[in-house]
Amino acid sequence: MDEPRVRTAARAPRGLAPLAGVLLAAFVATTSTPPALAGSTSKTRTRSMTSTATPATLSPVYETTLDNGLSVLIQEVHTAPVAAFMVWYRTGSRNEDVGTTGISHLLEHMMFKGTPTYGKGEIAKILQKNGASFNAGTSLDYTNYYEVLASDRLELAMKIESDRMVNALIPDEEHRLEMTVVRSELERNEDNPHRALYNETFAQAFQVHPYHWPTIGWRVNVEQIRTEQIRDYYKTHYMPNNATVVVVGDIDRDKTLEMVKRYFGPIPRGAEPPPVTTVEPPQQGERRFKLRKPGDTPYLMVAYRNPALADSDNYALDVLGIVLGHGKTSRLYRALVEKKLAAEVDAGNETGRDPFLFIAQATVASEATLDSVEHALEAEVERLKNEPVTAEELARAKKQVEASFVYSKDSIRSLAQQLGYYNTVASWKYIDTYLDRIAEVTTADVQRVAAKYLVADSRTVGWFDPLPETRAGGDGAGAGGASEPAKAVARYRPLDDGAGAGEEAREPAAALEPAASSGAAAAPGVRLARTQPVRTVLPNGLTLVVERNPANPTISLQAVVKAGGIFDPPGKSGLAAFVADMLDKGTPTRTASDIATAVENVGAALSFDGGAETVTCQARMLSPDLGTMLDVLADLLAHPSFPDEKVEQVRAERITNYRIMENSTSSVAARRANTLLYPVGHPYHDYPAGTDTTLKAITRQDLVAYHASHYGPNNTILVLVGDVEPKRAAEMVRKAFGGWKRLAPVPAFAVPAAPAPGSVLRLTVPMAGRSQTDVVYAVPGLARTDPDYDAAMMMNYVLGGGSLSSRLMDNLRDQQGLVYGVYSSIAAGIGAGPIQVRAGTNPANVDRAAASILEQVRRMAADGPTEDEMEDAKGYLTGVFPVRLETNAGVASQLLVSELYGLGLDYIDRYASIVRGVTREQAAAAAKKYLKPDTGYALVIAGSAPDAAGGGDAR
């Protein structure tokens, strides 16, 4: 319920990437952000809905305007029994005034506080009970609200959104309470160096235009906004003639239109909102600034002024952004990352309704300097202005745009977001001609726009130059923390590898366990349009699972090798993850550049990640390119060459990423909790990502030996879902992987049990200068194959896995206003990973937050869920399944989990009955067995001391 979030360390938290950027980043269900090109930040647009391969299931967009001025866009997409319903208001931080910055975002929060029809909290509870994925978001030019749910429940979304378009209550008491929640969100942003750098870049680049302030607002303004001002803003901007309704999915157009008319037609037209007339004057010289805050990793951001979305120069600027900073073939990657100046780079043309910014940015490598990185980045920009891009670069950029357009059709939510965003900022028809206009871009066009826009006099340069400090826990060893009772504190290994720490789930379903969240069986009455998966074991032992989905000419590939951090030797944690990072850095027949070129030339994406238990691979491709991608993947898995120069490049990148994690209060708290729970020598005790010390100790020979002893076809599972026949897929996989020799012996894929703590293990990790402190409660959990898993999963959902309507969120956020988010999770893998409760709060509220968490855990352990809570949870978990199976990637993820843990390929079909079969008594027994708040647990607090940040509960 906030502005779009940072997707990666190099991703803008506000504004949307341009179309090329939007389509090139793999679609992630983040708040109000359209799908974007994987990793690119080229602008915020979308391409033509008539790409090279338009599925028969995709109908033309139908557009109409109701008598009250409401714009309506409807598109039938019969790929899954799912519908996306969205309401987009043409109001965002751009429409605010000095003194009331952040009011759009604050109003968005208040829209969940109820109407005369729906009481406080009821909207979230009703939607979750019906299995909807829902949320809202505020950005520069818009505020939107969405529900993605089974198509036979579409009317529920219309009832709710039409009601709160005119009947939101916005009570004064709820405003005061919500302010502590928003304050927590502000504090979280202040502690994120990259977000702080973004906000300051906009503040410097724009002097008079409202893009000057962050979407969340200046804190001094947000804290002074009165309830009456929020109500006035609501009445001024929330009306049908300032909104677009978008409906996409498995629907009937005529029936859907009648439903829209029934619910939204009676709402009266309002007066036109005041226009935004402020025009940013031309910039007349470079602007520079430097941020100094506690941290360990420098960041560079360089922003150039660009034109508004509708300007024709943006097509060439989109291509320019891809050439400069998208992917491993980009110029910045080769000039900065490959030369060990940067750990991550990104560039793209970000657009808005008014002129915005082309942004290039870099995460500075551990041995480099901001000055050296800036000079190298500037040299690449100058080269673009002075030399035409090559024909190969131009063709590759266009192919990536075209392919990402096809990928966007895999997701109903993605299609709805594209339509809503562009119709709000310009016109949805913009995307109809986008591919054609991209195809017309020439090398001369790219050079022309580079010379026109990437000039020093319109440039804003920002440095995040961190203040030196002792990192929390000093190399992960727990130094600086006070533990009671005394216990050796070493490194921690989160089962999720720490990914996304500090970025809470933006929708209820994201907090579910892997088997539930990645998709499962349909709710009663919903028939999934799926074919049965086919399982094949190759002669060399490789397990292949294929499910055909001919709806779109794309394929999702997911794979695991049972070679994760649980096998790291003592003193060399991070070895498994290091090996995973080296897989695409070269083979005897392919250089790293050859690999990147082969993948990106066909508009595909391929990535590896080393986690605690497995190494995972994810890829997406157009179906004609499956053979190419299988050949590349087979070579990478079987024959990595571990070039010396790439070893050092990856080592530097991993050290930089480790230092970033060690400066996040949420990450530090979660990691340290596991060092308390699991003894030294246990596979979950160490960081699977490694530390400064262990990463420096790993040699090339370590990498080679680890790969030789852990990588083999009989230790690998490969899943393909998409437009390919199982028989044909098996033939192609045999051809690509048949020569890979079996691994002997195969390391045992198992994790020993760890003793439960017999007392309270408390650790405080001081991290000076943070605005927010994080609290983590943790106890040992259970394995995914444990018979108690389903009951424990249900109990966890009610406790804190259900997001907005969970007990933890209801108590700590809605009733007390102590946190922006609080969540519980079960990291159930092949071993018994931890059950954790995580929350971030103002330092002054730490004791109250910790006490409230313990209170809710004790209540759950003592009594378990109520019958009503169980029914609500079952309604959600069964109702959300069609949503989770909406994409090829969602189905592939579930099939992979099913095969990895031996759940059976029919697990998807059985899941609804499994959930329905869990009783309240079973869930209560699981709570009593595993939570054990009165027996022993770990409690870790990481951040500033209570008197260091001020603020606190201002109610």
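Residues numbered from 1 in each chain as written. Predicted model: local features only at pLDDT ≥ 70, side-chain atom pairs only at ≥ 80, totals over all residues. Heavy atoms only, no water.

Asker: Residues and numbers for the overall build of the protein, please.
Answerer: The helix and strand tally for the protein stands at 35 helices and 23 strands. Within the protein, the proportion of its 955 residues that are buried is 67%. Restricting to contacts in the protein with at least 6 residues of sequence separation, those with at least 24 account for 84%. In the structure as shown, the protein presents an accessible area of about 29900 Å², 52% of it carried by carbon and sulfur atoms. (Helix = DSSP H or I, 4+ residues; strand = E, 2+ residues; numbered from the N terminus. Buried < 20%, exposed > 50% of the residue type's maximum accessible area, 1.4 Å probe, protein only. Contact = heavy atoms within 4.5 Å. Areas by Shrake-Rupley, 256 points an atom, 1.4 Å probe, with all protein chains shown as cover.)

Asker: Explain helix α33 (residues 907-917) residue by residue, including any values.
Answerer: Residues of α33 that are buried include every one of Tyr907, Ile908, Tyr911, Ala912, Ile914 and Val915, and no others. Looking straight down α33, one finds that the buried residues subtend no more than 165° of arc, so they occupy a single side. (Arc of directions from axis to C-beta.)

Asker: Describe in detail the layout of surface pockets, supporting the description with residues and values.
Answerer: Picture a little ball the size of a water molecule; that probe, rolled over the atoms, points out where space is still empty. In this model, the largest pocket occupies a volume close to 340 Å³. Forming the boundary of the largest pocket are 18 residues, of which Lys125, Ser805, Ser806, Arg807 and Glu869 lie nearest the centre. At the level of secondary structure, the elements contributing two or more residues to the lining of the largest pocket comprise α3 (122-129), α27 (789-801), α28 (807-815), α29 (846-863) and α30 (867-879). A per-class count over the lining of the largest pocket returns 4 nonpolar, 7 polar and 7 charged. (1 Å grid on protein atoms, 1.4 Å probe; cavity = no way out; pocket = protein on both sides within 12 Å on 5 of 7 lines; lining within 4 Å. Points joined across faces, edges and corners; volume = space filled by probe spheres on them. Nonpolar A, V, L, I, M, F, W, Y, C, P; charged D, E, K, R; others polar.)

Asker: Describe the packing of helix α13 (residues 391-408) against helix α20 (residues 592-601), naming the residues involved and giving the relevant values.
Answerer: At a closest axis distance of 9 Å, the pairing of α13 and α20 adopts a crossing angle of 50°. If you check the angle between α13 and α20, you find them oblique. Seen from α13, the contacting residues are Glu392, Arg396, Lys399 and Gln400; seen from α20, they are Thr597, Glu600 and Asn601. A breakdown of the residues in the contact of α13 with α20 according to their chemical character gives no nonpolar, 3 polar and 4 charged. (Axes fitted to C-alpha atoms, helices over the stretch in contact; angles between N-to-C directions. Parallel < 35°, antiparallel > 145°, perpendicular 65-115°, else oblique.)

Asker: Please set out the nonpolar core residue by residue, giving values where relevant.
Answerer: Across soluble globular proteins, nonpolar side chains show a tendency to be buried alongside one another. Within the largest apolar cluster, 271 residues are counted, with the highest numbers of intra-cluster contacts made by Phe264, Leu336, Leu557, Leu606, Tyr711, Leu718 and Phe737. The residues contacting Leu557, other than those within four sequence positions of it, are Cys617, Gln618, Ala619, Met621, Leu630, Leu633, Leu718, Val719 and Leu720. Judged by nonpolar contacts, the second largest core, of 17 residues, contains Tyr299, Leu357, Ile359 and Phe464. (Core = buried A, V, L, I, M, F, W, Y, C linked by side-chain atoms within 4.5 Å.)

Asker: How would you summarise the environment of Asn540 if you had to cite specific residues and measurements?
Answerer: Among the structural elements, Asn540 can be located in the loop between β13 (534-537) and β14 (543-548). Classification of Asn540 by relative accessible area gives buried; the value is 7%. Expressed as a C-alpha distance, the spacing of Asn540 and Gly738, which sit 198 residues apart in the sequence, is 6.9 Å. A distance of 3.2 Å separates a polar atom in the side chain of Asn540 from the backbone nitrogen of Leu542. A polar contact of 2.9 Å, which involves the side chain of Asn540, links it to the backbone oxygen of Phe737. (Polar contact = N/O pair within 3.5 Å; in protein donor to acceptor, adjacent residues only side chain to side chain.)

Asker: Go over the sheet that holds strand β11 (residues 459-464), please, and point to the residues and values.
Answerer: Read from one edge of the open sheet, 5 strands run β7-β11-β8-β10-β9, paired in mixed fashion. Because the sheet does not close on itself, it has two edges, and the strands there are β7 (287-291) and β9 (342-350). Sheet twist, expressed as the average angle between the axes of neighbouring strands with direction ignored, equals 10°. As paired elements, strand β8 (residues 299-305) and β11 share 6 bridges and run antiparallel to each other. Within β11, the position partnered with Leu300 by the bridge is Trp463. Where helix α6 (residues 193-205) meets the sheet, its contacts fall on β7, β8, β9, β10 (357-364) and β11, and the angle it forms with β8 comes to roughly 30°. Sheet strands in contact with helix α12 (residues 370-386) are β7, β8, β10 and β11, and its direction is about 35° off that of β8. (Pairing = 2+ DSSP bridges.)

Asker: How would you summarise the packing of aromatic side chains if you had to cite specific residues and measurements?
Answerer: Two aromatic rings, taken as a pair, are described by how far apart their centres are and by the angle between their planes. Throughout the structure, instances matching the rule amount to 24 aromatic pairs. When the ring of Tyr299 is compared with that of Phe464, the centres are 6.1 Å apart and the planes differ by 50°; the resulting orientation is tilted. Placement of the pair is Tyr299 in strand β8 and Phe464 in strand β11, with a sequence separation of 165 residues. Each member of the pair, Tyr299 together with Phe464, is buried. Taking 5.8 Å as the distance between ring centres and 20° as the angle between the ring planes, the aromatic pair formed by Tyr422 and Tyr430 counts as stacked. The pair Tyr422 / Tyr430 is uniform in exposure class, with both members buried. The ring of Phe112 is capped by Arg164, whose NZ or CZ atom sits 4.6 Å from the centre of that ring. (Phe/Tyr/Trp six-rings, centres within 6.5 Å; stacked < 30°, edge-to-face > 60°. Lys NZ or Arg CZ within 6 Å of the ring centre and 35° of its normal.)

Asker: Account for the pattern of salt bridges, with residues named and values stated.
Answerer: Applying the stated rule across the entire model yields 55 salt bridges. Between Glu648 and Arg651 there is a salt bridge whose closest N-O contact spans 3.1 Å. Taken together, the positions of Glu648 and Arg651, both in helix α22 (residues 644-661) and 3 residues apart, correspond to about one turn of that helix. Among the ionic pairs, Arg659 bridges to Asp692, the shortest N-O distance being 3.3 Å. Taken together, the positions of Arg659 in helix α22 and Asp692 in helix α24 (residues 692-697) put the pair 33 residues apart, joining distant regions of the chain. (Salt bridge = Lys/Arg side-chain N within 4 Å of Asp/Glu carboxyl O.)

Asker: Talk me through the pairing of β9; I want residue IDs and the actual numbers.
Answerer: Most of β9 sits out of view: 8 of its 9 residues are buried. Note: β9 against β10, 8 bridges, orientation antiparallel. Residue pairing across strands places Glu350 opposite Leu357, the latter belonging to β10. In textbook terms, the turn of a hairpin is the stretch between consecutive antiparallel strands, and for β9 and β10 this stretch comprises 6 residues.

Asker: Explain the pairing of β13 residue by residue, including any values.
Answerer: Where β13 and β14 come together, 4 bridges link them in antiparallel fashion. Paired with Thr536 across the two strands is Leu544, which belongs to β14. What sits between β13 and β14 in their antiparallel hairpin is a turn of 5 residues, with Gly541 showing a positive phi close to 100°.

Asker: If you had to explain α20 to someone new, which residues and values would you point to?
Answerer: When α20 is considered as a whole, its buried residues turn out to be Ala592, Ile595, Ala596, Thr597, Val599 and Glu600. Among the structural elements, α11 (331-337), α13, β16 (605-610), α21 (626-638) and α22 are those in contact with the buried residues of α20. Note on α20: the residue one or two positions beyond its end, Gly603, has a positive phi of about 70°.

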